[in-house]
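# Descriptive analysis of the structure
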Amino acid sequence: MRQSHILAIDTSCDETSVAISQSDCILANQLSSQIQAHKEWGGVVPSLARRKHEELIDLVISRALKYSRKALEDIDYFAVTLGPGLAIALEVGIAKAIELAQKYNKPIVAINHMEGHIYSSLARNSKGNPKHEYNFPLIAVLISGGHTEVVLMRNHGDYEIIGETLDDAIGECFDKVGRMLNLGYPAGPVVEKIAEKGNARRFSLPLPLANSNNPGFSYSGLKTASMKLITDLLPPLNEYGEKFARRQQGYNSIALKIERKEIIANICASFQDAAVAHLVDRLDFILKNKLNDLKIRDMIFAGGVSQNKYLKKILRRKYGKSCHLHFPVNKRLFTDNAGMIAVAAHFNILRNNYTKDYSLLDRKPGWRIGSIG
Ligand code: KG4
Ligand code: ZN
């Protein structure tokens, strides 16, 4: 059987990404990150994201084609993220996919961004590796800056959200705590790095929804508790405070700096430990109380936060023997990228889920996986 070539586009947030795949094997996965442009605002600014996508999309498409040594004439299907994401950013990718599909008279595969994240853990490289083995039903744990959700996947294309955050997403919580500690944006990886030097038992933080029957997650209480620790233990040392402290007997600025560093490391470690403990506690609840009959043996983890090594260590310790844990195989596949959209498109194509009626394609900023959108 001839394997189809797919060109996939994702402009759902702050990465302009284009990928080329041959079935589920990714030949090129190019992206242009806008993190620098949004950094000074401490988060993503939708109008700026749209402008950047418009500026970058053609360039990223030509880079992906060049890298994969393909031409637009070789493409059999165009795939694009319809949602969830930022409405005005999604529009850029959709318009471009329609323009190209119309020009080359090819179908479009409409993809849910979270479905893409699931397939990021099942992607293969241009040599067809790794060979993934998994059995349905499985669960996918999607943890990023915008999402914290556990999805039951009974088969390809058959999704049900079992639990999701009631307030903040886990990555958002890492970012907000990190921002308060002046660790830049996105702060998750920095919090993880600093936490390596801290003591996770130093501060005890709440375990949200402990002993409740709620299969969801709640990160806002943990965020508030961590922020309170920060304001209590790390009063800002501005110039005035510095002068005042200097006048106090026995003040030693180096010792104070070391002490502050130690406090920051302990806060990062304690926060990270609590964030992971909450994720695992609710996951355990879901597996034991909601999905016990299904005997889940495969778990997919995806989204930016699933790069966290401390989280991986705890997950492997807890579920490594009873389940097969799947993580994206390379760094690019963890964060937003179009490679995962191409792989998801491949499995949609196998179910004849594509269209040439381009008028059906509209952005779906709040599209929940498993629903019509
Ligand atoms: O999936 P992603 O790249 O983008 C979306 O949000 O869709 O996820 C980004 C999030 C950010 O909140 C970032 O701080 C977090 O993932 N993140 C991490 C780590 N790496 C990225 N959080 C904790 N530990 C990490 N190592
Ligand atoms: Zn994402």
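Preceding block: the structure.
This text gives an overview of the structure that appears in the document. All of these numbers come straight from a predicted model, not from anything done at the bench.

Two elements in contact, helix α2 (residues 46-68) and helix α3 (residues 87-104), have axes separated by 8 Å at closest approach and are oriented at 25 degrees. In this view, α2 runs roughly parallel relative to α3, as classed from their interaxial angle. Along this stretch, α2 crosses α3, giving a crossing that reads as right-handed. Residue-level contacts link Pro46, Ser47, Arg50, His53, Glu54, Ile57, Asp58 and Ile61 of α2 to Ile88, Ala89, Glu91, Val92, Lys96 and Leu100 of α3. Split into classes, the residues belonging to the contact of α2 with α3 amount to seven nonpolar, two polar and five charged.

What follows covers the site of ligand 1. Not every one of the 19 residues close to ligand 1 is listed here, only the nearest: Gly145, Asp175, Glu192, Gly304 and Asn308. In the model, an oxygen atom of ligand 1 is placed 2.6 Å from a nitrogen or oxygen of the Asp175 side chain. Glu192 is positioned with one of its side-chain polar atoms (N or O) 2.6 Å from a nitrogen atom of ligand 1. Computed on the free molecule, ligand 1 has an accessible area of 550 Å², of which 88% lies beneath the protein chains in the complex. Broken down by secondary-structure element, the contributors of at least two residues to the shell around ligand 1 are α5 (170-180) and α6 (188-195). Its residues assigned to classes, the shell around ligand 1 comprises five nonpolar, 11 polar and three charged.

Under the counting rule described, the total for this entry stands at five aromatic pairs. Centroid distance Phe301 to Phe327: 5.2 Å. Interplanar angle 15 degrees. Geometry classified as stacked. Placement of the pair is Phe301 in strand β9 (residues 298-302) and Phe327 in the loop between β10 (324-326) and α11 (331-334), with a sequence separation of 26 residues. What makes Phe301 buried here is its relative accessible area of 0%. Between Arg282 and the ring centre of Phe285, over which it is positioned, the NZ or CZ distance is 4.8 Å. Above the face of the Phe327 ring, Lys312 is positioned so that its terminal group lies 5.0 Å from the ring centre.

Cut-offs and rules
- Residues numbered from 1 in each chain as written.
- Chains lettered and ligands numbered in written order.
- Predicted model: local features only at pLDDT ≥ 70, side-chain atom pairs only at ≥ 80, totals over all residues.
- Heavy atoms only, no water.
- Axes fitted to C-alpha atoms, helices over the stretch in contact; angles between N-to-C directions.
- Helix = DSSP H or I, 4+ residues; strand = E, 2+ residues; numbered from the N terminus.
- Parallel < 35°, antiparallel > 145°, perpendicular 65-115°, else oblique.
- Left-handed = near helix turned anticlockwise from the far one by under 90°.
- Contact = heavy atoms within 4.5 Å.
- Nonpolar A, V, L, I, M, F, W, Y, C, P; charged D, E, K, R; others polar.
- Near = heavy atom within 4 Å.
- Polar contact = N/O pair within 3.5 Å; in protein donor to acceptor, adjacent residues only side chain to side chain.
- Areas by Shrake-Rupley, 256 points an atom, 1.4 Å probe, with all protein chains shown as cover.
- Phe/Tyr/Trp six-rings, centres within 6.5 Å; stacked < 30°, edge-to-face > 60°.
- Buried < 20%, exposed > 50% of the residue type's maximum accessible area, 1.4 Å probe, protein only.
- Lys NZ or Arg CZ within 6 Å of the ring centre and 35° of its normal.

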